[in-house]
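So the chains spell out like this:
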Amino acid sequence: MDPAILEVRNVSKRFGATQALADINLSFAPGKVHAIIGENGAGKSTLMNIVGGVHQADAGEVVLEGRPVHIRNPHDALLMGIGFVHQEIALCQHISVAENIHMRSLDEGGRPLVAFKEINRATRDLLADFDTHAHINPKQKVAELSVSQQQVVEIIKALSGNCKVLILDEPTAALTQSETEVLFRILNTLKAKGLVIIYISHRLAEIYQIADTISVLRDGRLIGTRPAGEIDQLELVHMMVGRELTDIYPEKARQELGETLLEVEDLALEGVFSGISFALRRGEILGFAGLVGSGRTEVARTICGLYRKSAGEVRLKGRPLELASYRDAIAQGLVYLTENRASEGLFLEMNVANNISVIDLDAVARYKLIQRRAEHSLARRFVTEMQIKVTGVLQRLRSLSGGNQQKVLVSKLLTVSPKVVIMDEPTRGIDIGAKTQIYHLLRRLATEGVGVIMISSELPEVVGLCDRVLVMYEGRQCGMLAGSEINEKSIIQLACLREYTS
Amino acid sequence: MSEQKQTEAEVQGAAKVSGFRRGLRGFQGFREGTTILIIVALGFAMSLLSPYFLTGDNFRNLFMLFAINGFVAIGMTLVLISGGIDLSVGSIVALVGVITGSLFFNAKMNIWLASVIGILFGTLCGFINGFFITRVGLSAFITTLGMMQVARGATFVISAAMPIPLQSIPPAFKFLGRGIIPGIGVPFVIVLFIVSAVIFDFLSRRSTSIRKIYYVGSNEKAARFSGVNVNRVRIGVYVLSAVVASVAGVLTIARFNSATPYYGDTIAFETISAAVIGGASLNGGEGTILGAMLGMALLALIQTSLNLLDVSPYWQNLVTGLILLAAVSLDFLSHRKRA
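Parameters at a glance
Residues numbered from 1 in each chain as written. Chains lettered and ligands numbered in written order. Predicted model: local features only at pLDDT ≥ 70, side-chain atom pairs only at ≥ 80, totals over all residues. Helix = DSSP H or I, 4+ residues; strand = E, 2+ residues; numbered from the N terminus. Buried ≥ 20, exposed ≤ 12 C-beta atoms within 10 Å, placed from the backbone. Contact = placed C-beta atoms within 7 Å. Rg over C-alpha atoms; globule rule 2.2 N^0.38 Å. pLDDT = per-residue confidence, 0-100. Core = buried A, V, L, I, M, F, W, Y, C linked by C-beta atoms within 7 Å. Domains from an automatic or database assignment. Expected span 1.5 Å × (residues − 1). Pairing = 2+ DSSP bridges. Axes fitted to C-alpha atoms, helices over the stretch in contact; angles between N-to-C directions. Left-handed = near helix turned anticlockwise from the far one by under 90°. Nonpolar A, V, L, I, M, F, W, Y, C, P; charged D, E, K, R; others polar. Parallel < 35°, antiparallel > 145°, perpendicular 65-115°, else oblique.

1. Thoughts on the overall build of chain B
Then, in step 1: Scanning chain B for helices and strands turns up 15 helices and four strands.
Then, in step 2: Across the 339 residues in chain B, those meeting the buried criterion constitute 46%.
Then, in step 3: Long-range contacts, defined here as pairs at least 24 residues apart, represent 77% of the contacts in chain B between residues at least 6 apart.

If you want it as structure tokens, here you go:
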């Protein structure tokens, strides 16, 4: 086996009283994709931030090509050949691809003017090394590119210079299935060139597709490192959570389904989707599957009155709904969980109690005056019921983990005792423990007679949780699966209709 | 259970940073307290420096100085909490004064009726602000900058840019602005102001309507996704801001016995400064009425102190500006490390 290019030896890091990393030893071989997985807060990001120069280790060392190195900041890391592609895209949107990639060297040698010809040519060369799938013009503004194309630009930017180690933090978080495949093809090219690729992800399925080696972190400790071929998914999950998760998904509905709760007929939103018809029955969880951009979110938002429908009818318990706004939907018992937790869901600077009480302030008020005691006891009830980890109901949302923030968001919706809940990507970016709790909650709601619709891009959870699945493709409803028809293959076939039939 | 403990440990750990940052956190946690401390310290220093400082007259002047603009600061604080800004308040104060004065002086209208009509026009300005900001979708800065010019222009047109003399207003009206409540010897306008500030501070902590302003300012989209009628809240704050500015306009002419078209061109900046010193953020979601009132008090105290110390009035803007920068810098530093 090739000698390791990069090693971390006995690395430890504390943040205050929290031991973020304890005595981590890892070595990374060239030409391999090394995945690092773990729940949120396991220490993956901290470890990568130390390698990438964002943080300094308290103890231990980073060894690059046999020599211990001191990486003081991200710029140092780049000069040493360590490229870091962060989860969020950090490109300047209004300047060209070439300028973004050559940003650091634009004024090399005191050059006063940008040598556009030169950098455009250099960028074209760099792009040519990649899959032609990217189709990127060096002169294009970054804002005109798709998310996956922007990610390619980020990767090229990280590679520019003498890159030996490429770190990717959750690179597929914003990508669709086909875009993910393009990314993987690119990574395979890089692998063949002998780069070390460190890959951080939540998504177990894709780790099996791309990784050669898998290391699992938990609570700041290294639990184990194995070749990807020698460990199965269940064992991996077990290593991540430290307990058996035989029941990630609750049992599906067994009893006879009850009466129809929500009926949607020929619903359309001009230019976005049309011809959506389905009935949601008491006791079932209905899944919405399809590629990102296929119109699932828009359908949900139109049903809830967040967008004004252009045709069709929505009936709740047989009565037609005419919604002027989302407020009307809430009043009818129809609530929607947004897929964008931070930007559309939470008041990050406000406390837990304020975040939970927001939809129905009158419930905790008397004469339009908020009763603090009522507001707090409402919040405490949900904190207990949903097992939200907080220091108290006055804790600010910003300081909670993603999973706990999500539970607060869900609690907010449940304060109004809804008849139908539509959850848009309810488990996005949360750890597997919290995911499981959300799955069980959805099942419990369904059993208690609440209609549940779940939109999800993660096929395993659609398959594992839903009783029926509506699949969308480019704004059209292209199938409804039930029972044993629900499997990843049939969903993908429907969701990628064109690619399979043409 | 052990997980619970661990979370607690994490939170405690996060609090255990450097002393400097902890200090900043404390500062940010109780902004009003810090402002009170500064006021007390400055007051103490002044009582040593000037024999006139600790006199009833001086305190009355001090309060008069910020009482009327204090009304405007209440509205401004709520606008800032909503994530907006209202630059037009000073012009509205002048416009309402001139409309009321002109109806009384030129049209010989009853002063009370004239005041009501003046306030209605001022309120209309706020409604127009809210309309352009929510329905047309312009930025609050540009909309209220425009309204600032429009209302000031209207003031000049109505008054022909000349002060309107109002010596003949009835005593009952004069009392609003200059009357002293017998028995306690405190000016009526000060009592009115303190009562309003206390009521609004209470409401800002408890009322469901004002809580919605905090939600909208904290995250407008999340407020919409929680069923808050965002446009109504936003129109509401601009209307409220204009209403209190209009009331201030009426009180101003009652106090000065004249309606001056140039009056109030610095009120917007003064009240924004006060609210920010008291903890409001231009990003919205934060701020309290109490804080803004303390900010007003601090600014007035500095102004009086400089007067008592015979410092040229030219220095006053400079000092006020420095204090504002200091307060905002501290606020920024205490927020920066939190994310």
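Picking up where we left off.
2. Regarding the overall build of chain A
Then, in step 1: For chain A, the helix and strand inventory stands at 18 helices and 22 strands.
Then, in step 2: The globule rule puts the C-alpha radius of gyration for 502 residues at 23 Å, and the 25 Å found for chain A is close to it.
Then, in step 3: Taking the principal axes of the C-alpha coordinates as reference, chain A spans close to 70 × 55 × 50 Å.
Then, in step 4: Residue burial in chain A is summarised as follows: out of 502 residues, 46% are buried.

3. Side note on the confidence of the model for chain B
All names here are of chain B.
Then, in step 1: Summarising the model, chain B shows a mean pLDDT of 86, and 89% of its residues fall at 70 or more.
Then, in step 2: Across residues 1-18, confidence stays below pLDDT 50; counting only partners more than four residues off in sequence or on other chains, it has 19 contacts.
Then, in step 3: Both scores are given for the predicted complex: the pTM is 0.77, the ipTM 0.81.

4. As for the nonpolar core
Then, in step 1: Residues A:Ile422, A:Leu442, B:Val72 and B:Val93 are the most contacted members of the largest nonpolar core, which totals 171 residues.
Then, in step 2: Here this core takes 15 residues from helix 12 (residues 230-256) of chain B, the largest share from any one element.
Then, in step 3: Both domains that furnish three or more residues to this core are identified here as domain 2 (258-333 + 418-502) and domain 3 (344-417) of chain A.
Then, in step 4: When residues no more than four places from it in sequence are discounted, the contact partners of B:Val72 are B:Val89, B:Val93, B:Val244, B:Ala245, B:Ala248, B:Ile267 and B:Thr271.
Then, in step 5: Grouped together as the second largest cluster of nonpolar side chains are 65 residues, A:Leu6, A:Val33, A:Ala57 and A:Ile119 included.

5. With respect to helix 12 of chain B
All names here are of chain B.
Then, in step 1: Here helix 12 spans 39 Å end to end across 27 residues, near enough to the 39 Å set by a 1.5 Å rise per residue.
Then, in step 2: Counting buried residues in helix 12 gives 21 out of 27 residues, a clear majority hidden from the surface.
Then, in step 3: One or two positions beyond helix 12, positive phi appears at Asn 257, with a value near 60°.

6. With respect to the sheet that holds strand 7 (residues 165-169) of chain A
All names here are of chain A.
Then, in step 1: Taken in spatial order, the six strands make up an open sheet running 6-7-8-3-9-10, and their pairing is mixed. Edge strands, defined here as strands with exactly one partner in the open sheet, are strand 6 (82-85) and strand 10 (221-227). Taking the axes of each pair of neighbouring strands and ignoring which way they run, one obtains an average angle of 20° across the sheet.
Then, in step 2: When strand 9 (residues 213-218) meets strand 10, the two strands line up antiparallel, connected through six bridges. By the bridge assignment for strand 10, Val 216 is matched with Gly 224.

7. Remarks on unusual backbone geometry
All names here are of chain B.
Then, in step 1: A positive phi angle is found at Lys 108, which is not glycine, with a value near 55°.
Then, in step 2: Here Lys 108 is to be found in the loop between helix 5 (89-105) and helix 6 (111-136).
Then, in step 3: For Ala 161, which is not glycine, the phi torsion reads 60° and is therefore positive.
Then, in step 4: Structurally, Ala 161 is set in the loop between helix 7 (140-159) and strand 1 (164-165).
Then, in step 5: Judged by C-beta crowding, with 10 C-beta atoms within 10 Å, Ala 161 ranks as exposed.

8. Regarding the packing of helix 4 (residues 56-81) of chain B against helix 9 (residues 188-206) of chain B
All names here are of chain B.
Then, in step 1: For the pair helix 4 and helix 9, interaxial distance at closest approach is 9 Å and the crossing angle is 35°. Crossing hand, helix 4 versus helix 9: left-handed. Listed contacts from helix 9 to Phe 63, Met 64, Ala 67, Ile 68, Gly 70, Phe 71 and Ile 74 of helix 4 are Val 189, Ile 190, Phe 193, Ser 196, Ala 197 and Phe 200.
Then, in step 2: Among the residues making up the contact of helix 4 with helix 9, the classes are represented as 11 nonpolar, two polar and no charged.

9. Describing the sheet that holds strand 19 (residues 420-424) of chain A
All names here are of chain A.
Then, in step 1: Read from one edge to the other, the open sheet built from six strands follows the order 16-19-20-13-21-22, with strand pairing classed as mixed. Since the sheet does not close on itself, it has two edges, and those belong to strand 16 (334-337) and strand 22 (476-482), each with one partner. Shown here is a sheet whose adjacent strand axes are inclined to one another by a mean of 20°, direction ignored.
Then, in step 2: Taken together, the four bridges between strand 13 (residues 285-290) and strand 20 (residues 451-455) define a ladder with parallel strand orientation. Directly across from Leu 286, in strand 20, lies its bridge partner Ile 453.

10. Notes on the domain arrangement of chain A
All names here are of chain A.
Then, in step 1: The assigned domain composition of chain A is domain 1 (6-241), domain 2 (258-333 + 418-502) and domain 3 (344-417).
Then, in step 2: Once you take the C-alpha centre of each, domain 2 and domain 3 turn out to be 26 Å apart.
Then, in step 3: Each partner contributes residues to the interface: domain 2 has nine residues there, and domain 3 has 10 residues.
Then, in step 4: For the side of domain 2 that touches domain 3, the leading source of residues is helix 15 (residues 432-447), giving three residues.

11. What about the packing of helix 5 of chain B against helix 7 of chain B?
Residues and elements named next belong to chain B.
Then, in step 1: Direction vectors running N to C along helix 5 and helix 7 enclose 25°, while the axes themselves pass 8 Å from each other. By the angle between their axes, helix 5 is roughly parallel relative to helix 7. Considering only the axes of helix 5 and helix 7, their crossing is left-handed. Contacts between helix 5 and helix 7 involve Ser 91, Ile 92, Ala 94, Leu 95, Val 98, Ile 99 and Ser 102 from the former and Met 148, Ala 151, Arg 152, Ala 154, Thr 155, Ile 158 and Ser 159 from the latter.

12. Things to note about the environment of A:Ile438
Residues and elements named next belong to chain A.
Then, in step 1: Mapped onto the elements, Ile 438 comes out in helix 15.
Then, in step 2: When the C-alpha positions of Ile 438 and Met 386 are compared, they lie 8.9 Å apart, and in sequence the two are 52 residues distant.
Then, in step 3: Once residues within four sequence positions are removed from consideration, Ile 438 is found in contact with Pro 426 and Thr 427.

13. Some thoughts on the pairing of strand 6 of chain A
All names here are of chain A.
Then, in step 1: Side chains Ile 82 and Phe 84 of strand 6 all project onto a buried face; the interleaved residues Gly 83 and Val 85 project onto the opposite face, where all are buried too.
Then, in step 2: For strand 6 and strand 7, the ladder comprises four bridges, and the chain directions are parallel. Among the inter-strand pairings, Ile 82 is bridged to a residue of strand 7, identified as Val 165.

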